[in-house]
Amino acid sequence: MAGRWCRRRERQTSCRTENLRPVVPRVLVPAEAGDGAMYTPLLTQGEQLDVLERLDFVLRNISELRKEVEELRNSLQHLAAEIVSEVRSHLEETQKVTRRRRFPFPRERSDSTGSSSIYFTASSGTANTDDGESEGGYTTANAESDYDRESERESEEGEDEVSCETVRTVRRDSLDLVNEDETHLILDSSLEEGLGQLLQQADRLHDGNEQEKREGFQLLLNNKLAYADQTDFLWRLARAHSDMCEITEDADEKRSYASDGKEEIEIALQKWNQSAECHQWYAILCGQLSEHESIQKRIQTGYIFKEHIDKAIELKPEDPKAYYLLGRWCYQVSHLGWLEKKTASALFEAPPTATVQDALQNFLRVEELSPGFSKAGRVYIAKCYRDLGKSSAALLWMNLASELPANTKEDAESERELEEMQAVWEE
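Residues numbered from 1 in each chain as written. Predicted model: local features only at pLDDT ≥ 70, side-chain atom pairs only at ≥ 80, totals over all residues. Heavy atoms only, no water.

## Describing the layout of surface pockets
Right, so step 1: Of the voids in this model, the second largest pocket is the one considered here, and its volume is about 760 Å³.
Right, so step 2: What lines the second largest pocket is a set of 19 residues, among which Glu-82, Glu-86, Ser-259, Lys-262 and Glu-263 lie closest to the centre.
Right, so step 3: Top contributing element to the lining of the second largest pocket by residue count: helix 2 (residues 45-100), with six residues.
Right, so step 4: Residues belonging to the lining of the second largest pocket are distributed by class as follows: three nonpolar, eight polar and eight charged. (1 Å grid on protein atoms, 1.4 Å probe; cavity = no way out; pocket = protein on both sides within 12 Å on 5 of 7 lines; lining within 4 Å. Points joined across faces, edges and corners; volume = space filled by probe spheres on them. Helix = DSSP H or I, 4+ residues; strand = E, 2+ residues; numbered from the N terminus. Nonpolar A, V, L, I, M, F, W, Y, C, P; charged D, E, K, R; others polar.)

## Focus: the state of the cysteines
Right, so step 1: On inspection of all chains with the given rule, the structure shows zero disulfides.
Right, so step 2: We note that Cys-330 lacks a disulfide partner, and the nearest cysteine sulfur, in Cys-384, lies 9.3 Å from it. (Disulfide = S-S within 2.5 Å.)

## Notes on the confidence of the model for the chain
Right, so step 1: With 67% of its residues at a pLDDT of 70 or more, the chain has an overall mean of 74.
Right, so step 2: For residues 13-35, every residue scores under 50 in pLDDT, and the model assigns this stretch 15 contacts once sequence neighbours within four places are set aside.
Right, so step 3: For residues 98-187, every residue scores under 50 in pLDDT, and the model assigns this stretch 82 contacts once sequence neighbours within four places are set aside. (pLDDT = per-residue confidence, 0-100. Contact = heavy atoms within 4.5 Å.)

## Looking at the environment of Leu-195
Right, so step 1: In this fold, Leu-195 is placed in helix 6 (residues 180-206).
Right, so step 2: Between the alpha carbons of Leu-195 and Gln-230 there is a distance of 8.9 Å; along the sequence they are 35 residues apart.
Right, so step 3: For Leu-195, the contacting residues outside a window of four places in its chain are Tyr-227, Gln-230 and Phe-233.

## A closer look at the nonpolar core
Right, so step 1: Phe-233 and Ile-265 are the most contacted members of the largest nonpolar core, which totals 59 residues.
Right, so step 2: Here this core takes nine residues from helix 13 (residues 320-334), the largest share from any one element.
Right, so step 3: Those residues in contact with Ile-265, other than ones at most four positions away along the chain, are Leu-234, Trp-235, Ala-238, Cys-278, Tyr-282 and Leu-285. (Core = buried A, V, L, I, M, F, W, Y, C linked by side-chain atoms within 4.5 Å. Buried < 20%, exposed > 50% of the residue type's maximum accessible area, 1.4 Å probe, protein only.)

## Brief notes about the packing of aromatic side chains
Right, so step 1: Enumeration according to the criterion identifies seven aromatic pairs in this entry.
Right, so step 2: Arranged with centres 5.7 Å apart and planes meeting at 90°, the rings of Phe-217 and Tyr-257 form a pair that is edge-to-face. Here Phe-217, found in helix 7 (residues 210-222), pairs with Tyr-257, found in helix 10 (residues 251-271); they are 40 residues apart in sequence, far enough to count as distant.
Right, so step 3: On the basis of relative accessible area, Phe-217 is assigned to the buried category, the value being 9%.
Right, so step 4: A centroid spacing of 4.9 Å and a plane angle of 15° characterise the contact between Phe-363 and Tyr-380, whose relative ring orientation is stacked. One end of the pair, Phe-363, is in helix 15 (residues 356-369); the other, Tyr-380, is in helix 16 (residues 375-387), with 17 residues separating them in the sequence. Side by side, Phe-363 and Tyr-380 carry an identical accessibility label, which is buried.
Right, so step 5: A network of ring pairs unites the aromatic residues Tyr-324, Tyr-331, Phe-363, Phe-373 and Tyr-380 as a single cluster.
Right, so step 6: The side chain of Lys-306 reaches across the aromatic face of Trp-329, ending 5.5 Å from its centre. (Phe/Tyr/Trp six-rings, centres within 6.5 Å; stacked < 30°, edge-to-face > 60°. Lys NZ or Arg CZ within 6 Å of the ring centre and 35° of its normal.)

## Structural notes on the packing of helix 9 (residues 231-247) against helix 11 (residues 276-290)
Right, so step 1: At their nearest, the axes of helix 9 and helix 11 sit 10 Å apart, and the two run at 25° to each other. It follows that helix 9 is roughly parallel to helix 11 by the angle criterion. By crossing handedness, the relation of helix 9 to helix 11 is classed as left-handed. Counting all contacts with helix 9, which are made through Thr-231, Trp-235, Ala-238, Arg-239, Ser-242, Cys-245 and Glu-246, the residues of helix 11 involved are Glu-277, Cys-278, Trp-281, Ile-284, Leu-285 and Gln-288.
Right, so step 2: For the contact of helix 9 with helix 11, a count of residues per class yields seven nonpolar, three polar and three charged. (Axes fitted to C-alpha atoms, helices over the stretch in contact; angles between N-to-C directions. Parallel < 35°, antiparallel > 145°, perpendicular 65-115°, else oblique. Left-handed = near helix turned anticlockwise from the far one by under 90°.)

## Notes on helix 13
Right, so step 1: Here helix 13 contains 15 residues, and its C-alpha end-to-end distance of 21 Å stays within 8% of the 21 Å for a straight helix at 1.5 Å per residue.
Right, so step 2: Helix 13 sits mainly inside the fold: eleven of its 15 residues count as buried.
Right, so step 3: When helix 13 is considered as a whole, its buried residues turn out to be Pro-320, Ala-322, Tyr-323, Tyr-324, Leu-325, Leu-326, Gly-327, Trp-329, Cys-330, Tyr-331 and Val-333.
Right, so step 4: Residues of helix 13 that are buried sit in contact with helix 11, helix 12 (295-315), helix 15, helix 16 and helix 18 (409-426).
Right, so step 5: For helix 13, the N-terminal cap is Asp-319; the gap from its side-chain oxygen to the backbone nitrogen of Lys-321 is 3.2 Å. (Expected span 1.5 Å × (residues − 1). Polar contact = N/O pair within 3.5 Å; in protein donor to acceptor, adjacent residues only side chain to side chain.)

Structural data, given as structure tokens:
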């Protein structure tokens, strides 16, 4: 009896002692330890925080990697769609060329016998002594067939050739009235004079407001048929497409104007690879088109942009606009985000590199060649000095930038940046 009472007291005392011990998290050692297995405390609080930070870092990287993989997948799908579209357009163009091959010159349908295409007028070169016969022949050519018609029958082909022969006969009759050498001189002088006036008007409209830019674009489109083989005309036509891309607010229209302008300037570069203006506007249109592309496409376009701007500077080293564009490229590359840098490193052996100092040197070169070239250029100089920690120089160029008017859309955007910089400076 006494023994049972003693054992009961021992168990009660043991329970009280266990309740008084501090609670410490424990884990078991491996079973191989046998009867000597002991409970050991878990990680300390500092070690637990370190593990959580590492896990959070791993999760963030996994999330970013997933986004990159998704963007690359979308880029590959878009690239495949572009390839299919280009092949389809090439086949369609080949079919059109095949249908047009039998005609001596392109023709336009017209409801009025008093009008004729620009090409026809330029080819005639001189006044026809029999206007009725000439207009009648040309109208017959249009009435007999339409080269854009998808399905043409065998019976119409003979009529088309007769109509074309009528036009050729009229043109021979009109040109026979003047000596052949004199005809070439008249054609060349009239075309050159007309082209010179056209280019002057296009430059004036390009420097005007939005409505004038639209007029300049339409003016160049209307004369494309007559001057499509002139380099000075083609790069201005590409420039007009760039103007329209800036003016419009619709994203699809922006992309369309940039794409069409790029195609125009590509044709010019194939013939005139030594034109600084062609290289410059090709770079600009590539940049405008890349704004609607994926990160991969934008980075790839960056290489193309730099290549053609460098070529433009090589061909025309005194052009301030080329240095301004190169300065912008350097500034943007120096501020690339983490994801863009990683994408560039993954896709290209040598990612684009540039520093704020590189950008500053190009913008200062612009001011050296043409002081007050643009408000945006001076704002960029102030931003470069700010980023380099040179506050007094940044303030100087902020004041110089505020003295210039905002002549372009880019100047207006830089003016807002200037106001924000000045507000921060005052604080």
